[in-house]
Amino acid sequence: MTIDLKNAKALVTGGTRGIGRGIVLGLAAAGADVITCYRQESEAVVSLRNELKEIGGEHHVLRADVEQPEEIARLLTEAEQRFGALDVVVNNAGVISHIPFGELALEEWRRVLDTNLTASFQVIQRALPLLGDGASIINIGSRGAAAGIPLRAHYTAAKAALIGMTRSLAKELGPQGIRVNVLALGVIETEALEAMPAEQREALRARYSEKTSLGRLGTPAEVAGAVQFLASDLSRYVTGETINVDGGI
Ligand code: NDP
């Protein structure tokens, strides 16, 4: 089934690799024009630009580090100049690290919160003047926020806070017709997983085959499906929600 997002203008942070890439391609395939950003030049940037060219439409893949507030400001200025307004904002860019709590440095705590939480606050705040009635903000969260994950207190703290911010914003922006939701993801197959040592990767796959009702990990395209739904008019009465996309953990 395809959702029609023709004429929609979307901003996706961190769209060159992994889940963000799947989201960008999914939105573009549904007919939306997309502006996305990345942190560092890579093959992934070139290949995303090529894929978007094949899909067609107006798309922009720009370098902007969302850990830096001035780069977020620049990204939103670009969005305004190129699109005039936005219908969809997806806060996807995220970083993770695995550190025992006793060894977690303040600097690392801040880095992880800056990218996973503060960047979303800044992106939404800067995007507000470009959003109107019917706009949809989608924050990419994690099932780990509710469940807790050892060695990731900083990451889960950021993702849990994203839920609180989303609920408050849904109430604050609802009267303007702007919806705000979270997608809480389970484990999704990305290049990061491919880069793991084979043994570790297979152990993870086996663990999640048991843990999930569907018996497997998810794919970026499956996350993109949930994003398309929240971006579209089909979800026009859904706001302030956290929707699990986790294969039924
Ligand atoms: P990846 O590391 O595979 O990709 C991250 C993307 O975000 C890349 O395009 C990267 O660009 C970009 N990015 C990272 N930091 C910044 C930054 N500071 N500024 C701009 N762009 C940035 O991540 P995933 O696809 O695995 O994760 C995407 C989201 O999904 C994250 O929010 C993550 O927390 C969440 N999530 C992922 C799960 C999973 O199983 N993978 C599970 C639960 C949640 P560059 O290449 O330049 O670094």
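Shown above is the structure to which this text applies.
Right, let's walk through the structure included here. This one's a predicted model, so the numbers in the text were calculated from it and none came from an experiment.

Calculation notes
Residues numbered from 1 in each chain as written. Predicted model: local features only at pLDDT ≥ 70, side-chain atom pairs only at ≥ 80, totals over all residues. Heavy atoms only, no water. 1 Å grid on protein atoms, 1.4 Å probe; cavity = no way out; pocket = protein on both sides within 12 Å on 5 of 7 lines; lining within 4 Å. Points joined across faces, edges and corners; volume = space filled by probe spheres on them. Helix = DSSP H or I, 4+ residues; strand = E, 2+ residues; numbered from the N terminus. Nonpolar A, V, L, I, M, F, W, Y, C, P; charged D, E, K, R; others polar. Near = heavy atom within 4 Å. Polar contact = N/O pair within 3.5 Å; in protein donor to acceptor, adjacent residues only side chain to side chain. Areas by Shrake-Rupley, 256 points an atom, 1.4 Å probe, with all protein chains shown as cover.

Side note on empty space enclosed by the protein
In this approach, a probe sized like a water molecule rolls over the atoms, and the result shows the empty space that is left.
1) Next: Enumeration over the complete set of coordinates arrives at one cavity of 30 Å³ or more.
2) Next: Estimates place the volume of the largest cavity at around 40 Å³.
3) Next: Lining of the largest cavity is provided by Thr-13, Val-66, Asn-91, Asn-92, Ala-93, Thr-115, Ala-119, Ser-120 and Val-123.
4) Next: The element contributing the most residues to the lining of the largest cavity is helix α4 (residues 106-127), with four residues.
5) Next: A class-by-class count of the residues in the lining of the largest cavity yields four nonpolar, five polar and no charged.

Observations regarding the site of the ligand
1) Next: Taken together, 27 residues lie near the ligand, and Arg-17, Arg-39, Asp-65, Asn-92 and Tyr-155 sit nearest.
2) Next: Residue Lys-159 places a side-chain N or O atom 2.9 Å away from an oxygen atom belonging to the ligand.
3) Next: Between Ile-188 and the ligand, the recorded distance is 2.9 Å, taken from a backbone N or O atom to an oxygen atom.
4) Next: Compared with its free state, where it exposes 890 Å², the ligand has 90% of that area covered by protein.
5) Next: Elements supplying a minimum of two residues to the shell around the ligand: α1 (18-29), α4, β5 (131-142) and α6 (153-173).
6) Next: Ranked by residue count, the leading element in the shell around the ligand is β5, at three residues.
7) Next: Among the residues making up the shell around the ligand, the classes are represented as eleven nonpolar, eleven polar and five charged.

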